[in-house]
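Examination of the molecular architecture
Residue strings, one per chain:
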Amino acid sequence: MKVTEIMKKRMAFSFEVFPPKTDAGMEKLVKKDGVLDKLYSLQPDYISCTYGAGGSNVGKNLEVLKSIKDAGKCTPITHFTCIGNTREGIKEQLQTYLDNGIDHVLALRGDLPFGWTGTGGDLHYATELVKFIRTEFGDKFCIAVAGSPEGHIACRSLEADISFLKQKQDEGADFIMTQLCWDMDQFRRWMDAIRKAGITLPVDVGIMPVLSIDSTVNMALSRNGCVMPRELCEIISKYWIFPNPFAPNEAEDSIAQKKADFMKAGLEYTVRLIDEYRVCGISGIHLYALNKYENVAKLVEMSGIKDM
C-alpha cells in the first residue's frame, strides 16, 4: 500500500535510519533481533533510509532497504539526491530500486559536500529531480519531497522556498516530509502559508528526538540554522556541560548525571512537541531513530503515537 493511501485513512507513523559505514554497524541494524526487527515491533507504516552525499554508501542504503522490503513489515523509502548524479546514473539507480521492490523515494537536492558550490551532477534542484522521475518512470514511484517550515537555509526567503515547494507539487510530488523544526509558532504559520499557496500535499513531520546537548546543538546549527525555542534553551542551559558539550572537563560523574537528566527532560520535551504537531492537521509523524531503538520506543510509549 502506498504511504499516501495510509495518510488518507489516518495519521501515518514512521522512522528514519541511515546506512552504517561499517560491517559491524550493518549487522547490528539488519541482523535477526537487530534494530530494524525491534523497530518493526512498534508497527511503523514505513522506514526511510538516507542516501549519502554524492551517492556515498549507496550500496549499504540499498542493502538496508532490501532488508526492510524482505521483512514485509512496512514500506521502505529511499532518500535520493542530485549530488554527483548524471541523468543516466539516476535512471539506472532508480530502476535498481524498482527491481528490488522499492517504489517510494524522497527526492532531494541533497546537502552539498564541504567545499562544493554545486551538485556536480546533471540536475541541480529537487524540482528537476521530481520532474525527471515522473518523466522517466510515470507513476511507478510514490514521491516524497522535503519541506522546510523555517525556509531552507540556502534559499533567499521563506516565500521563495514555498514557491519551490509548490513547484515540486506541480511536477508530481505525492507528499511532504518536513525538515527539523522545533519552533511550533513558525510551523503553524508555515502550514497556513503553504495551504494559501495552493499546496495540498499531505505533510509528514520529521522529528529529531532531543536526547543530548551536543547532538541537539549540532543538528540545529551545523546544517539547518533552526530556531531553538526558549523552553529548549532553558533545558540545555540547566544541564550544560562545562566548558562545552564537545570538549567537557567536568568530573565524569557530574557529566554522566547531567547527560541522564538532560535525556529525561529532552524526551519529555519531545513528547510535548509531538502533542502540538498532532493538532496541526498533519498527516504523519516521522521519527529520526538514529539507528537505535530504546529511546524512540520510549517516545512512542510516552506520546501514545501508536496504539500497541
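This section reports on the structure supplied with the text. What you see is a predicted model; the values in this text were computed from it and never measured.

1. Comments concerning the state of the cysteines
When the sulfur atoms of two cysteines share a covalent bond, that bond is a disulfide. In this structure the tally under the stated criterion is zero disulfides. Free cysteine Cys74: the closest other cysteine sulfur is in Cys49, separated by 12 Å. Cys181 takes part in no disulfide bond, and the closest cysteine sulfur to it belongs to Cys226, at a distance of 6.8 Å.

2. Focus: the sheet that holds strand S6 (residues 175-178)
With respect to topology, eight strands assemble into a closed barrel ordered S1-S2-S3-S4-S5-S6-S7-S8, the strand pairing being parallel. Geometrically, the sheet is characterised by an average inter-axis angle of 25 degrees between neighbouring strands, direction not taken into account. Relative to strand S8 (residues 284-288), strand S1 (residues 12-17) is paired through five bridges, and the arrangement is parallel. What sits directly across from Phe13, in S8, is Ile285. Running over the sheet, helix H8 (residues 184-196) touches strand S5 (142-147), S6 and strand S7 (203-207) and is turned about 155 degrees from S7. Of the strands in this sheet, S7 and S8 are in contact with helix H11 (residues 252-278), which crosses S7 at around 170 degrees.

3. Remarks on the pairing of S5
Among the six residues of S5, six are classified as buried, and the element is accordingly described as predominantly covered. Burial of S5 is two-sided: the residues Cys142, Ala144 and Ala146 facing one way and the residues Ile143, Val145 and Gly147 facing the other way are all buried. Strand direction decides the pairing type here: strand S4 (residues 104-108) and S5, joined by four bridges, are parallel. Its bridge partner being in S5, His104 is matched across the sheet by Cys142. Crossover handedness for the path S4 to helix H6 (residues 126-137) to S5: right-handed. When S5 meets S6, the two strands line up parallel, connected through four bridges.

Cut-offs and rules
Residues numbered from 1 in each chain as written. Predicted model: local features only at pLDDT ≥ 70, side-chain atom pairs only at ≥ 80, totals over all residues. Heavy atoms only, no water. Disulfide = S-S within 2.5 Å. Pairing = 2+ DSSP bridges. Helix = DSSP H or I, 4+ residues; strand = E, 2+ residues; numbered from the N terminus. Axes fitted to C-alpha atoms, helices over the stretch in contact; angles between N-to-C directions. Contact = heavy atoms within 4.5 Å. Buried < 20%, exposed > 50% of the residue type's maximum accessible area, 1.4 Å probe, protein only. Right-handed = clockwise from strand over helix to strand, strands pointing away.

Read these as spatial facts, not as claims about activity.
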